[in-house]
Amino acid sequence: MGKHAKYSPSSGYRYMNCPPALLLEEQFPDEESPYAAEGTAGHKLAEHLIKKHLKIRSRRPTSDYYSDELLEAVDEYVQYVLEQIEEAKHICSDPVFSVEQKVDLSFHVKDCFGTADMVIVTDKKVHIIDLKLGKGVQVDAENNTQLMIYGLGMLDIAEMLFDIETVELTIVQPRISHFSTWEISAEELHQWAEQEFEPKARMALDGKGEYKAGEWCRFCKARLQCRARAEEYLHLAQMEFSQPALLSDEEIAEVLSKADALKKWAEEIYTYAQNEAITNRKEWPGFKLVLGRSNRKYTDEEEVAEAAKTAGYTDIYRTSLISITEMEKLMGKKRFNEILGSYVYKPDGKVTLVPDSDKREAIYISTAEADFSQED
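Owing to the predicted nature of the structure, the values given are computational and were not obtained by experimental measurement.

## Some remarks on the overall build of the chain
For step 1, the next point in the chain: Helix and strand content of the chain: twelve helices and five strands.
For step 2, the next point in the chain: A compact globule built from 376 residues should have a C-alpha radius of gyration of about 21 Å, whereas the chain, at 27 Å, is more than 25% larger.
For step 3, the next point in the chain: Considered along the principal axes of its C-alpha atoms, the chain spans approximately 85 × 70 × 65 Å.
For step 4, the next point in the chain: Taking as baseline every contact in the chain between residues at least 6 positions apart, the subset at least 24 positions apart corresponds to 65%.
For step 5, the next point in the chain: Carbon and sulfur atoms provide 50% of the accessible area of the chain, an area that totals close to 26,900 Å².

Here is the structure:
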């Protein structure tokens, strides 16, 4: 399994919703972002620490990406895994633990395999635990396609040894303090594989089905040039409204629900076009490269200070306390909390209008006018 899977479980959600994206992506090169590289480094460290606890020989990895913040996030994940390991020992006389478990789904879908971060198998349950080190988007375990695929692959193995009844899926996203767990019965998971996963996976491998834009486009390699995605967003930009001169509340709400996605797509396209123009000398009709505005800087601060002092100016320095983030990095999070924890507070964030699907709790704002009218 040294090669890349053609049908990768980590991309399963995308291919389930947009099957032909699988073959479309093949014409684009694989590119590892710094975020992905950092994630890989974090996973390797987590693997080492868990193996060390299980007394499995392992050499501690090294990486330029290791920072106090990343190490703390990995440690939080590892502590959760160790708790689950100890719990499994109490409920099962001979549990199975596997770190970075290779999962082969070729029985279900051709050329489909991947690696589950942590697998715990007891008499009645398979538990898949997945570490997510991103902090931009919250990932939930419920109906998570990637973890369901891993769970299905582990069922193929575990059911030869145990009478498995339940598959438990857990996402640990320590950087945003998010833990999500969801259970599905082994029977339901097999049904999902037969009715949903396998048919759509075969469709994707054959290049069949319709292109469909959605949230799953986020990591698609073809997203910047995908016609279906462009048509979706251009359709949003050409929304048709009823005839009255003023928009109704419902129409304004519809604009709000689409505007953020449209803005992000436009920014992505702009970034792609600018990068192509700079790195590949691509010329876009009606556009050109120019030098942006910049701020003035000193050529040499020491020489500037000396010249200013010679000219009779002395009040030329300004000192200020370094930022909280810099202070935390300087001290380390634990020492920072011990020394300065009582001196730090977090004010309320700026009130922001978001869709109802946003997981943050709603707030209710009262105005003097509203309060007065309620008293009547």
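Additional details are given in the paragraphs that follow.
## A word on the sheet that holds strand S4 (residues 166-173)
In any sheet, the strands associate via hydrogen bonds between backbone groups, in a parallel or an antiparallel arrangement.
For step 1, the next point in the chain: Overall, mixed pairing links the five strands, which are arranged S1-S2-S3-S4-S5 in an open sheet. Each having just a single partner strand, strand S1 (96-104) and strand S5 (178-185) make up the two edges of the open sheet. With strand direction ignored, the average angle separating the axes of adjacent strands in the sheet is 25°.
For step 2, the next point in the chain: Sheet analysis places S1 next to strand S2 (residues 113-121), joined by eight bridges and oriented antiparallel.

## What about the packing of aromatic side chains?
For step 1, the next point in the chain: For the coordinates displayed, the defined rule picks out six aromatic pairs.
For step 2, the next point in the chain: With a centroid separation of 5.6 Å and 50° between ring planes, the pair formed by tyrosine 80 and phenylalanine 179 is classed as tilted. Separated by 99 residues along the polypeptide, tyrosine 80 in helix H4 (residues 68-91) and phenylalanine 179 in strand S5 bring together distant segments of the chain.
For step 3, the next point in the chain: Judged by its relative accessible area of 39%, phenylalanine 179 is partly exposed.
For step 4, the next point in the chain: A connected cluster of aromatic rings, assembled from ring pairs, spans Tyr7, Tyr15, Trp192 and Phe197.
For step 5, the next point in the chain: Geometry around tryptophan 284 places lysine 282 over its ring, the cationic atom sitting 5.0 Å from the centre.

About the criteria used
- Residues numbered from 1 in each chain as written.
- Predicted model: local features only at pLDDT ≥ 70, side-chain atom pairs only at ≥ 80, totals over all residues.
- Heavy atoms only, no water.
- Helix = DSSP H or I, 4+ residues; strand = E, 2+ residues; numbered from the N terminus.
- Rg over C-alpha atoms; globule rule 2.2 N^0.38 Å.
- Contact = heavy atoms within 4.5 Å.
- Areas by Shrake-Rupley, 256 points an atom, 1.4 Å probe, with all protein chains shown as cover.
- Pairing = 2+ DSSP bridges.
- Axes fitted to C-alpha atoms, helices over the stretch in contact; angles between N-to-C directions.
- Phe/Tyr/Trp six-rings, centres within 6.5 Å; stacked < 30°, edge-to-face > 60°.
- Buried < 20%, exposed > 50% of the residue type's maximum accessible area, 1.4 Å probe, protein only.
- Lys NZ or Arg CZ within 6 Å of the ring centre and 35° of its normal.

Functional significance is not addressed by these values, which are geometric in nature.
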